[in-house]
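One letter stands for each residue in the lines below.
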Amino acid sequence: MPANASSDFSRRVFLGSTAAACLVAGFGAARAAGTIKPDAKSALIVVDVQNCFIDGGTLPVKGGAAVVPVINKLAASFQNVVVTQDWHTPDSASFVSNHAGKKPFETTSMPYGTQVLWPDHCVQGSEDAALHKDLKLPNAGLIIRKGLRKDVDGYSAFIDADGKTMTGLAGYLKERGVDTVFVTGLATDFCVAWTAMDARKLGFTTYVIEDATRAIDLNGSLAAAWKQMTEAGVKRIQSSDIA
Ligand SMILES: [Zn+2]
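In this report, the structure presented in the accompanying data block is examined. A quick note: this is a predicted structure, and the numbers were derived from the prediction, not measured. Numbers given to residues run from 1 along each chain, matching the order in which its sequence is written. In keeping with the predicted nature of the model, local features appear solely for residues at pLDDT of at least 70, side-chain atom pairs appear and are counted solely at 80 or more, and the whole-chain, interface and lining totals rest on all residues. Excluding hydrogens and water, the side-chain values take into account all heavy atoms of the structure.

## Describing the sheet that holds strand β1 (residues 42–47)
Inference 1: Strand order in the open sheet formed by 6 strands is β5-β2-β1-β6-β7-β8, and the pairing between neighbours is parallel. Of all strands in the sheet, those bounded by a partner on one side alone are β5 (142–146) and β8 (235–237). Looking at each pair of strands side by side, their axes are set apart by 25° on average, direction ignored.
Inference 2: Bridge count between strand β2 (residues 80–86) and β5: 5 bridges; the pairing is parallel. Pairing of Asp86 across the sheet is with Lys146, part of β5.
Inference 3: Any two residues having at least one pair of non-hydrogen atoms within 4.5 Å are treated as being in contact. To obtain an axis, a line is fitted to C-alpha atoms, over the contacting stretch when the element is a helix, and the angle between two such axes runs from 0 to 180 degrees between their N-to-C directions. Put simply, DSSP H or I for four residues or longer makes a helix, DSSP E for two residues or longer makes a strand, and each gets a number counted from the N terminus. Against the sheet, helix α5 (residues 188–201) makes contact with β1, β5, β6 (180–186) and β7 (205–214), and its axis sits at roughly 170° relative to β6, the strand it touches most. Strands were regarded as paired on the criterion that DSSP finds at least two bridges between them.

## Thoughts on the coordination of the zinc ion
Inference 1: Protein-derived ligands of the zinc ion are Asp86 (OD), His88 (NE2) and His121 (NE2), with the metal-ligand distances lying across 1.9 to 2.1 Å.
Inference 2: Only protein chains enter the accessibility calculation, which uses a 1.4 Å probe; a residue whose area is less than 20% of its type maximum is buried, one above 50% is exposed, and one in between is partly exposed. According to the relative accessible area criterion, Asp86 is buried, its value standing at 3%. Because no water is among the atoms considered, metal sites can look incomplete, with donors defined as N, O and S atoms within 2.8 Å of the metal, or 3.2 Å for Na, K and Ca.

## Remarks on the state of the cysteines
Inference 1: Any cysteine sulfur atom paired with another within 2.5 Å is treated as part of a disulfide. Applying the stated criterion across every chain, the model contains 1 disulfide.
Inference 2: Put simply, Cys52 and Cys122 are joined by a disulfide, and their sulfur atoms are 2.0 Å apart. One disulfide, between Cys52 and Cys122, carries an S-S torsion of 90° and so falls in the right-handed class. Separated by 70 residues along the polypeptide, Cys52 in the loop between β1 and α3 (67–75) and Cys122 in the loop between β4 (113–116) and β5 bring together distant segments of the chain.
Inference 3: Accessibility expressed as a relative area gives 0% for Cys52, which makes it buried.

What follows is the structure, encoded as structure tokens:
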């Protein structure tokens, strides 16, 4: 993939209406239920199942709470489980409140590309940023926090939005011998998609478990994200495909 794949992706997701209009291709061949058996080289990545992204939170994803029981059940099939939290400073440059005259979901230009201006959300240490109370992942080995820096947003569990600063997750997984990741959580078309795209870029076999995700779907962003993920070789499966 080209070095600027992440920024291409962001532009197409955020601004591209043509991509959104395209049919989603490559759903993959129909698979018999329960045929994928995670092994010691597999990791479940649980992206941002936090109060902020669930009804009652500051940036709720429609139906977000529905992923919780699906993910709880999936986790029992994995020896490696990683959890992420979106974790911003109150003065984050990605917060609309820090841009006079802008409305939520408008964009601005950052040194690393186009940035959506989000409602303030997931502020470090707040109850809003806590993991959802019903998420039960007793075997999770790592919680990784992203979007920590004021001037750089972070959607992906692997690489900040500048496209180059690593979170350390790739090193952690590789040191543990993981070569395959299964991505779940919120939201399908942003943090899940960016995580899956970067996982491919970093050489992991990558699955997104669709019914363990929910989307924001901003201006066609969900269809665009699936198109990009499919083109990058991300495999789209359902939780029933996991043995
Ligand atoms: Zn965020």
